[in-house]
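Summary of the model geometry
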Amino acid sequence: MVALDKSEVREGVDRETIETVKAMSGTYKYGWNTEIETEYAPKGVNEDIVRLISEKNGEPEWMTDWRLKAFRRWEQMEEPKWAMLNYPKIDYQDQYYYAKPKSMAEKPKSLDDVDPALLATYEKLGIPLKEQMILAGVEGAAETPAEGRRVAVDAVFDSVSVGTTFKEELKKAGVIFMSISEAIREHPELVKKYLGSVVPQSDNFFATLNSAVFSDGSFVYIPPGVRCPMELSTYFRINAENTGQFERTLIIADKGSYVSYLEGCTAPKRDVAQLHAAVVEIVILEDAEVKYSTVQNWFPGDAEGKGGIYNFVTKRADCREARAKVMWTQVETGSAITWKYPSCLLRGDDSQGEFYSIAIANNMQQADTGTKMTHLGKNTRSRIVSKGISAGKAQNTYRGLVSVHPKATGARNYTQCDSLLIGDKCGAHTVPYIEVKNNSSRVEHEATTSKVDDDQLFYCRSRGMDEEEAVALVVNGFCKEVLQALPMEFAMEAQSLVAISLEGSVG
Amino acid sequence: MLEIKNLHVKLEEEDKVILKGVNLTVETGKVHAIMGPNGSGKSTLSYVLSGRDGYEVTDGSAVMDGEELLEMEPEERAAAGLFLAFQYPVEIPGVGNMTFLRTAVNAQRKARGEEEMSAGEFLKFVREKAKALKIDAEMLKRPVNVGFSGGEKKRNEILQMAVLEPKMCILDETDSGLDVDAMKLVADGVNALRSEGRSFLVITHYQRLLDHIVPDVVHIMADGRIVKTGGPELALEVEKNGYADLLAEVM
Amino acid sequence: MALAQAKRAATEARLEGLSLPASGAWLAQARGAALARLSEMGLPGRRDEYWRWTDPTTLAAAEAPAAALFDDGGERPAFDKIDRVTLVFVDGVFDAAASDDPAAAEVEITRLAEAGAQDIHWAKDLYGALEARGQAPVARPFAALNTAIATDGVLIRATGKAAKPVSLVYRHASETSDAILHHCVKLEEGAELTLLESGPGAARFSTVLEVEVGDGAAFHHIRTQGRDHERRVAAHLFARLGAESRFKTFTLTANGVLTRNETVVELTGDDSVAHIAGAAMGDGGFHHDDTVFITHDAERCESRQVFKKVLMNGAEGIFQGKILVKPGAQKTDGYQISQSLLLDERSQFLAKPELEIYADDVQCSHGSTSGAIDETALYYLRSRGVPERAAQALLVQAFLAQTIEEIEDEALSEDIRTRLEAWLARRLG
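Worth saying up front: this structure is predicted, and the values here are computed from it rather than measured. (Residues numbered from 1 in each chain as written. Chains lettered and ligands numbered in written order. Predicted model: local features only at pLDDT ≥ 70, side-chain atom pairs only at ≥ 80, totals over all residues. Heavy atoms only, no water.)

A closer look at the interface of chain A and chain C
So the rule is basically this: We call two residues in contact when some of their heavy atoms are within 4.5 Å. The buried area of a pairing is the accessible area, by a 1.4 Å probe, that goes missing from both parts when the two are put together, added over both. Definition used for salt bridges: Asp or Glu carboxyl oxygen within 4 Å of a side-chain nitrogen of Lys or Arg. Pairs of N or O atoms are called polar contacts if they sit within 3.5 Å, as long as, within protein, a hydrogen donor faces a hydrogen acceptor (for residues adjacent in sequence, only side-chain-to-side-chain pairs). Secondary structure elements follow DSSP: runs of H or I no shorter than four residues count as helices, runs of E no shorter than two count as strands, and numbering proceeds from the N terminus. Residues are grouped as follows: Ala, Val, Leu, Ile, Met, Phe, Trp, Tyr, Cys and Pro are nonpolar; Asp, Glu, Lys and Arg are charged; every other residue, Gly included, is polar. A pair of strands is labelled paired if DSSP reports no fewer than 2 bridges between them.
With 34 residues of chain A at the contact, the number on the chain C side is 34 residues. Together chain A and chain C conceal approximately 2700 Å² of surface at their shared face, both sides included; 48% is due to carbon and sulfur atoms. Considering only the side of chain A, the residues that lose the most area to chain C are Tyr433, Ile434 and Asn439 of chain A, jointly responsible for 22% of the buried surface there. Viewed at the interface, chain C and chain A are joined by 1 salt bridge. When the shortest N-O distance is used, the salt bridge between Glu435 of chain A and Arg52 of chain C registers 3.5 Å. Where chain A touches chain C, the interface holds 18 residue pairs in polar contact (both at pLDDT 80 or more). Of all elements in the fold, only β20 (395-404), β22 (427-436) and β23 (442-451) of chain A reach the threshold of two or more residues within the side of chain A that touches chain C. In terms of residue class, the side of chain A that touches chain C is made up of 13 nonpolar, 14 polar and 7 charged. Alignment of β23 of chain A against strand β19 (residues 363-371) of chain C, held across 8 bridges, turns out to be antiparallel. In the sheet register, Glu444 of chain A faces β19 of chain C, and the bridge partner there is Thr369 of chain C.

Structure, rendered in structure tokens:
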């Protein structure tokens, strides 16, 4: 029966989708806000704030200097304007750059000592109790094995990693999975070697800001030849008001290793827009493979466009050596503004990059997202499958670059960008750049834009489904290729999110 | 079961009147056939009854078991027990056939206040129905109608009918595009569903389908009206002499 | 926003010593407005996004780089078998002796150089008007420059169906010539016209063609851009389409060190149709850029962009094509294909096929491919006895065929096909 359920999810939409839609009654599921006492740094950003963040994390001097270098660079930079995004000017001095739940100051002895609000947060996020204890930092909790779900979780609450589960078991396999602030202290040689090696400090305005002020994030190292025994997962949650969140994730897959990494994001409903600028760097060495899946469900703002997260994210994987492989899968349903281009540097010969994306923009949301595939090595392969859905008054743009360098002989790329429009007040845009600089490479790009097919909707309705169910079903079918690329853990959630995100788009 | 009175329909976007006063009563448990030349309004009748956009009802009514169909949304008609087997079944890429069926069944059950079926129960239920129609498990996994042959699409329609268990079934040119063997398979499927509580309205251009699905009553439709009604022999008469003679006689 | 210092300096340098050609009031006004537009936007530089892949430096430079005259070895001129009214420009100067009598045409033709003096000329409302509309959302500074300082050109007005094409022939006679021509074509309701353009024009050649296609009118445009290896071209075509009108343009480019063809089409009347096609063959120092911007601003319109490039010995092909569907332009059918065939390792294809869509009931798609010749097909042909180079030529022809099919007139498509075959025979035969 288990096997059967699996195959059915892979078919496309599941009954659960519909059930979840009903259960969630069409509102943003994660829109609660946890009442937790929070310790803030003063508003604004300057060298003192950068030093404070570094000090709070107990960082060595080299790290402080690294941040300061980035900050000085950032002060010289201008916010990029090329994306098809329209938002009020961000006052970078009117944000908090550091917020930490006070209860984390001292480790609690048991669950009873944990701030109940924090526990409630995890429960709402669907994290099992055992893991809740570990995340809440209960002493000794990490030693006793958890039953059931086998996903190691690192939770980042506002700017701070609040705990990582399954640490011991992962350690046995040689896998390092911890917050990046711990890694800076415990594995400085790895961090020094790889931090900023994929996304340089000066890469772009948002990445440079992140380099200066990131407070925490996750760190993963998979040693040579190791297949990570479980999925690794990070939950990011913004809770504190007016707080920018700047996580930094660094993943290193050493030769011949494998890891699947999941990232989930939520934020409470706020009237005021909140800033989020994360950086994810992935280094993949010879014959190693990394799968990175994201379900991004930051608060998108209300139907009038009030509030929501401004999401400016730099994600890049460096297939540094031969036969390295990376697969990005993203389901982007949240955020008021999305600026995000998970990219692949295909440097090793025969390396491979894949990008599977669903971007849904409803109401007043604006998304400008896509990928860059840079083919540098011989016989490198890339594949892009992007499904954009626009509804309400939203604007949704696919922006991508496929670049095949002269020396990347025998490279292959296939790109498929499909856009679906629901209603006549929204927009769907496709902006691909294609650069082919040798002739043994083959690059193919296809894109379509159309509206939800009336015949399909009528067919579904004539079989008894109401209009929203019909739309959810057809849209999930439209996204199927991408949903299939997600790990099982996420596939269900993603399907229901697709349905929820489109609530109110028909009728 | 179904009572259509004085039904007048025009195209929504054009001044083209298609149905000009259709009167028709299908009794519970009976099989009625509508025959007629191309353009007589047969398919329009099936679309209007199932609630497709693009048509405007200017007069008349269609009542099923005491409920006015024409005021309902398509899904409400389905939940009330109406089923249209499409002449051209729609392809829905990415949506598994099984998923589609289960979503439809549960939506209807829910609308009727019935318990939803569990995944296990449902699978067993569908597999049995599919077996009778020679639909293999592979076809259930594929996306709805995508890449199906003409025969497979029509069998899939009958499978949906079997699974959804409607009380009023409309078959719109179900024989079109089928060879004799495929038609027989489809007809066997339909015949297996004939029961005391279920009525059928079989729309067809040719008599040949009616050799396999033998109707109780045959209507001839022309220029948006039912122009003649009789027993199965009427179909044979059309087969023998064509529509022209018949129409010349009545009009 | 103020222009960057470098840009302003470059623009001023280009304009220095130039004066607006003397002309009557309405023309002088149009030129002045264009100059104002230009000084606001400035000439493009290497860092402009719209010039990402094509270096505008030599087009913007105050002095045109010299271009050697090309000996075509007595090749038969384009369209020589077509019954047409020919108007010849040598290095941008009208050559009356070499031309047919414009009065022989079934349309009204005035030279731009003479039109300025006519106070109420119909072109008053067209000259520079479509160019100005085409400056948003993307600036096209060379077109504004052209409007400001073009010395000559033709103004054509068609009121009925012209059977005979008007053929503009551009000869290149001086190695340092720098020519700027500006043409306007107005098709009144229901009118039909075929316009032919051929020849390299000058060492550096700028053309602007503004075409107003009235309701129910049809405009066909076929252009071959001359084979002088060292010539540089910036050609702009602006068109506005009325209801139920048809617009078809095809360009054949072989050789030329730099070609930038911008085509800007606005479908403003319901049920109109625009097809833009181009075939380019480049060998060696060849840089060819097709930049197309189609705006759908009416219902049930159809647009097609079909561009193919065959590139060898380091030639570079660029395609920037955009379909913009404005709110309310329902039932739009937009399609775009850009493909390149790279015949050796050093050639490059760079493409940006864009869609920007604000109406939901549309069918828009684009495809873009780049790659080498199909080895299997090549092998198949050779196994049937076709020599390798001939087989290559055959496959290249097949690759380009889709663009030539866009030419409706049989005799014209045959003319183009023959020229293409001759080029292939020289390169691959």
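Past the structure itself, the notes keep going.
Structural notes on the sheet that holds strand β3 (residues 31-35) of chain B
Residues and elements named next belong to chain B. Quick note on the threshold: Lines are fitted to the C-alpha atoms to define the axes, a helix being fitted only along its stretch in contact, and any angle between axes, read from their N-to-C directions, falls within 0 to 180 degrees.
Pairing is mixed across the open sheet formed by 6 strands, whose spatial order is β6-β9-β10-β3-β11-β12. Looking at strand neighbours, the two that pair on one side only are β6 (82-85) and β12 (225-230), the edges of this open sheet. Each strand axis lies, on average, 20 degrees off the axis of its neighbour in the sheet, ignoring direction. Across 5 bridges, the pairing between strand β9 (residues 168-172) and strand β10 (residues 199-204) is parallel. Looking at the pairing, Ile170 lines up with Leu201 of β10.

Description of the environment of Ala324 of chain A
All names here are of chain A. Just so we agree on the cut-off: Under the scheme applied here, a residue whose accessible area is under 20% of the maximum for its type counts as buried, over 50% as exposed, and between as partly exposed, the area being computed with a 1.4 Å probe on protein chains only.
On the secondary structure map, Ala324 appears in the loop between β13 (309-319) and β14 (325-332). A residue is classified by how much of its surface remains accessible, and Ala324, at 1% relative accessible area, is buried. It is 6.4 Å that separates the C-alpha atoms of Ala324 and Gln352, two residues lying 28 residues apart in sequence. Look past the residues within four positions of Ala324 in its chain and what remains in contact with it is Ile284, Leu285, Asp287, Ala288, Cys319, Ser351 and Gln352.

Some details on the packing of aromatic side chains
Inclusion rule: Note on aromatic contacts: the rings of Phe and Tyr and the six-membered ring of Trp form a pair at centre separations within 6.5 Å, being stacked when their planes are under 30 degrees apart, edge-to-face when over 60 apart, and tilted otherwise. Comment: the charge-over-ring label is applied if NZ (Lys) or CZ (Arg) is within 6 Å of the ring centre and within 35 degrees of the ring normal.
Here the structure, examined in full by the defined rule, presents 30 aromatic pairs over all chains. For the pair Tyr92 of chain A and Phe205 of chain A, a centre-to-centre distance of 5.3 Å together with 70 degrees between the ring planes defines the contact as edge-to-face. Here Tyr92 of chain A is found in the loop between α4 (61-75) and β2 (99-101), whereas its partner Phe205 of chain A is found in helix α10 (residues 205-213), with 113 residues between them in sequence. Looking at Phe205 of chain A, the relative accessible area reads 6%, which means it is buried. Ring centres of Phe307 of chain C and Phe319 of chain C lie 5.2 Å apart, and the angle between their planes is 40 degrees; this geometry places the pair in the tilted category. Taken as a pair, Phe307 of chain C in strand β15 (residues 302-312) and Phe319 of chain C in strand β16 (residues 316-325) lie far apart in primary sequence, 12 residues in all. Residue Phe307 of chain C is classed as buried on the basis of its relative accessible area of 4%. Each member of the aromatic cluster is reached from another via a ring pair, and the members are Phe71, Trp74, Trp82, Tyr87, Tyr92, Phe205, Phe206, Tyr310, Phe312, Trp339 and Tyr341 of chain A. We note Arg227 of chain A situated over the ring of Tyr258 of chain A; from NZ or CZ to the ring centre the distance is 4.0 Å. Seen from the ring of Phe478 of chain A, Lys387 of chain A lies directly overhead, with NZ or CZ sitting 5.1 Å from the centre.

Digging into the domain arrangement of chain C
Residues and elements named next belong to chain C. To be explicit about the condition: Just so you know, the domain bounds were taken from an automatic or database domain assignment.
Domain boundaries in chain C define domain 1 (2-269) and domain 2 (373-429). Residue-level contacts link 20 residues of domain 1 with 15 residues of domain 2. When the two sides are added together, the surface that domain 1 and domain 2 hide from each other amounts to roughly 1500 Å², 58% of it contributed by carbon and sulfur. Linking domain 1 to domain 2 there are 4 salt bridges. Glu408 is the partner of Arg246 in a salt bridge, and the nearest nitrogen-oxygen pair spans 3.0 Å. Seen at the junction of domain 1 and domain 2, the total is 5 residue pairs in polar contact (both at pLDDT 80 or more). Elements represented by at least two residues in the side of domain 1 that touches domain 2 include exactly β7 (192-198), β9 (218-224) and β11 (246-254). With 5 residues, β11 is the largest single contributor of residues to the side of domain 1 that touches domain 2.

Describing the packing of helix α3 (residues 97-111) of chain B against helix α4 (residues 119-132) of chain B
Residues and elements named next belong to chain B. Note the cut-off: Convention used here: angles under 35 degrees read as roughly parallel, angles over 145 as roughly antiparallel, angles from 65 to 115 as roughly perpendicular, and any remaining angle as oblique. Here a crossing is called left-handed whenever its near helix is offset anticlockwise from the far helix by less than a right angle, and right-handed whenever the offset is clockwise.
At a minimum axis separation of 11 Å, α3 and α4 run at an interaxial angle of 110 degrees. With respect to α4, the element α3 is oriented roughly perpendicular. In this structure, α3 crosses over α4, and the sense of that crossing is right-handed. Residues Met98, Leu101, Arg102 and Val105 of α3 pack against Ala119, Phe122, Leu123 and Val126 of α4. When grouped by side-chain class, the residues that make up the contact of α3 with α4 number 7 nonpolar, no polar and 1 charged.

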